[in-house]
Amino acid sequence: QTQPHFHFSLHLRPAPSLSSTMSLLQSQLLKLQQSLPQSQVSTVRNASFLFPKTEQMPSAALRLMSLKSLQSLSRINPDFTHFGFLFSEASLDIDRGLMPASENESVKKSLEAFMLLLSPNFLLRPAQLCLEYLVRMYSVHLFEIDALMKCIIPYHGTLPFVSLIKILHLTDNSAFSWLHTIQERRTVVARDFIVNVCRSNFELLEWIGVAALQYAEKGIPHRVMHSFFGAMYLEYLDRVGVDEIGLKRLLSIVVRGLTSTEAISADYHKACLMVLIEALSKMDMREEPLMLLLKDVAVACLNTNRFRDAIVLCVYAYQAQGLSFLPLDLMAMLFPHASNNESAPIFEELKQISQQYITENFCCAMAHTQFVKCLRLCHTDSADDTMGDDADHTVRQTESEFSLLKAMLHQLPHLDKFIGACIPTLFTHASQSERVKQLISIIPVMDARFPKAVDEAMEQIHATQAQTAFYKTFLSITRQTKASVERNMQSKLLGDMQNKSQDVRLAVITEIDAIMEKEDYSPLFVVFVANLLLKRMSAQDLVLLESIANMKHLEDILSVDRFMMRVKEIIEDLQDEVQDAKSTIPALKACFRRITQMSSCTDHSAVENFATFTFVVLSSDLPAAHKALYQILISCEHPLFAEMTNDDSVNPVEKIIRAMAKNLVQVSSLHSLLMNTAKSSQTTSLLALSTVLNASRYSSHDVLLN
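Remember, it's a predicted structure, so these values are computed and weren't measured experimentally.

### Re the state of the cysteines
So, step 1. Tallied over the entire structure, the rule returns zero disulfides.
So, step 2. Just so you know, Cys-314 is unpaired, no disulfide at all, and the nearest cysteine sulfur is the one on Cys-301, 8.6 Å from it.
So, step 3. Residue Cys-314 is classed as buried on the basis of its relative accessible area of 1%.

What follows is the structure, encoded as structure tokens:
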């Protein structure tokens, strides 16, 4: 009774006249009868969800048990002591249908408050006995259905929930008419069922969100309810999804919970945060409302000492929605102490968060926002329209903002994408601003943390900026960048490779091998070298081919497949130019040996590489190459050609094909043999075909069809 809004009066009023009393009773009874089915009018005081009709205890005995139960609950939560009046002796004679409206409203508020407080303990027997008393004495299953459902809905998968649902008075236009099915089946309710109901009844999903928010704002710790709310919203978003209007309605509840000024529970806050993150990952939102939403929620998190939650939300939102800029007031809250930027707590948080989540977009957006602020200050400072104290203030502000930018470059992870976009912009503004000194000051920091990103960005702008003064300044204060060294080296190598002197071109191969030996090269340099080695060669370049095949670090530049492709192209180019087998043998022998080294000879892939190389040579009308290959195969001691003998009287092509047809076991390899030899002279093709078809081991239908 110390809580006025929980109190209602049970004192006797002065007796009205007999006629007015009878008239009042008749009208109230008639209204109650019209609102209830006849079967329920007679059992309002006999309803029970705990006891069968045959075992119902007297009301007085139930009251005593309920009082003991209330004492037990008070030991769990002292707030239950404020509701002892609901179980007073006078409550045994209460009839809600005959109670005046003002008293009924007071009772209603007290009952709703009690059921909210009771919900976290619903599965305990004392809580169920108290609720049984409210059903019997106050008919909450008729008059407080909404509050009763808020109390029991998170326990939809339990038998006490089903027992209570059975006694609810539900009309067809009730908000809970979907429970008719449960009343008929009398089985526990799966969450899937409620999600499916929400498909056609979005108001139910909103009602669940409002119920969870109500518990949170009243400070009632209810992990079960908040888990149920989070699971329902997440599952609905995953399985059903929402349109823009539905998203606004859904997020209005979630954002209200996240921005509430009340001391809401951590469980509810986490549930709301998960729902918001899921919505951001599922739905595309327009940038302006999304920025406002993020700012409001992040600021609320920061104001309630939930710093990590604010950062995680921003990280998810920026990654999912592809945002590239931070609101300035949010930036100010993330970096409140401009004089001590290096130790800002956000840096340590982001380092930890980046181990679990992708933080690239958020980090780049922060750096980009700060970079733009610095550029604007540079132009303001260079306008020379400030004097005295204003000028000093502008200078101090510029230094402070650049200090923060350097701290970001020094501390934030995953800024490679920002560096790639920043450097071209830096060059553009350096030519327009007189305050180049501040812009130059961030270059060493970028170069030290992200050398690869700086190199790649400089590679892109080299063609247009190489002759500018700022470009030369840039290079002078960075490392003598590997990229710039490699660019000069590439120009030299390309020029030497185009030289007509064979000695100069051979020196290029030697120089490339020496560079690869130092292991101080970029991936872009490897690509350049590979393309250089794959350039077309003339008949005079057989020595160059041999030199390439003998390179110590060829495997670091070309795969075996690309190398064989290069050899094939060279052989095709040499068909009309080379007639001397002696000049061909060294180059082909070197290529053949290198191909076998690139994978073990015992490996199946090595055998296929061996065979493929042979097919390449045989497919050419180049007798010198055929003879050279024949000499190589005799001396190579490969199992495919172990039975070949050095007999000049037999066509070398015939010997090679017979050996391969006899030893290749893969139909695909045999097919490849036929197709490659068919590209050469008619005699060779017929010879290969007759050899294969006469071999009994290849007489199957599939092979003949091939």
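Next comes the rest of the description.
### Section: the packing of helix H12 (residues 223-239) against helix H13 (residues 244-258)
The description of two helices packed together rests on the angle between their axes and the distance between the axes.
So, step 1. Closest axis-to-axis distance for the H12/H13 pair is 13 Å, and the angle between their directions is 150 degrees. Classed by the angle they form, the pair H12 and H13 counts as roughly antiparallel. The element H12 and its partner H13 pack so that their crossing is left-handed. Across the interface between the two elements, Phe-229, Tyr-233 and Leu-237 of H12 pack against Leu-250, Ile-253 and Val-254 of H13.
So, step 2. Its residues assigned to classes, the contact of H12 with H13 shows six nonpolar, no polar and no charged.

### Section: the confidence of the model for the protein
In regions of low pLDDT, the predicted coordinates are not meant to be interpreted in detail.
So, step 1. In the predicted model, the protein carries a mean pLDDT of 75, and 69% of its residues have values of at least 70.
So, step 2. When the criterion is pLDDT under 50, residues 1-19 qualifies, and its contacts beyond four places in sequence or with other chains add up to 29 contacts.

### A look at the packing of aromatic side chains
The way to describe two aromatic rings as a pair is by their centre distance and the angle between their planes.
So, step 1. For the structure on display, the rule yields 15 aromatic pairs.
So, step 2. With a centroid separation of 5.8 Å and 80 degrees between ring planes, the pair formed by Phe-80 and Phe-114 is classed as edge-to-face. Here the residue Phe-80 occupies a position in the loop between helix H3 (59-76) and helix H4 (101-118), and Phe-114 occupies one in helix H4, the gap between them amounting to 34 residues.
So, step 3. Site record: aromatic cluster; members linked through ring pairs are Phe-80, Phe-83, Phe-85, Phe-87, Phe-114 and Tyr-133.
So, step 4. Here Arg-185 stacks its cationic end above the ring of Phe-193, 5.4 Å away from the centre of that ring.

### Points about unusual backbone geometry
So, step 1. Phi at Ser-139 takes a positive value of approximately 50 degrees, unusual for a residue other than glycine.
So, step 2. Within the secondary structure, Ser-139 is located in the loop between helix H5 (125-138) and helix H6 (140-143).
So, step 3. A relative accessible area of 3% places Ser-139 in the buried class.
So, step 4. Even without being a glycine, His-414 presents a positive backbone phi close to 60 degrees.
So, step 5. On the basis of relative accessible area, His-414 is assigned to the partly exposed category, the value being 38%.

Definitions and cut-offs
Residues numbered from 1 in each chain as written. Predicted model: local features only at pLDDT ≥ 70, side-chain atom pairs only at ≥ 80, totals over all residues. Heavy atoms only, no water. Disulfide = S-S within 2.5 Å. Buried < 20%, exposed > 50% of the residue type's maximum accessible area, 1.4 Å probe, protein only. Axes fitted to C-alpha atoms, helices over the stretch in contact; angles between N-to-C directions. Helix = DSSP H or I, 4+ residues; strand = E, 2+ residues; numbered from the N terminus. Parallel < 35°, antiparallel > 145°, perpendicular 65-115°, else oblique. Left-handed = near helix turned anticlockwise from the far one by under 90°. Contact = heavy atoms within 4.5 Å. Nonpolar A, V, L, I, M, F, W, Y, C, P; charged D, E, K, R; others polar. pLDDT = per-residue confidence, 0-100. Phe/Tyr/Trp six-rings, centres within 6.5 Å; stacked < 30°, edge-to-face > 60°. Lys NZ or Arg CZ within 6 Å of the ring centre and 35° of its normal.

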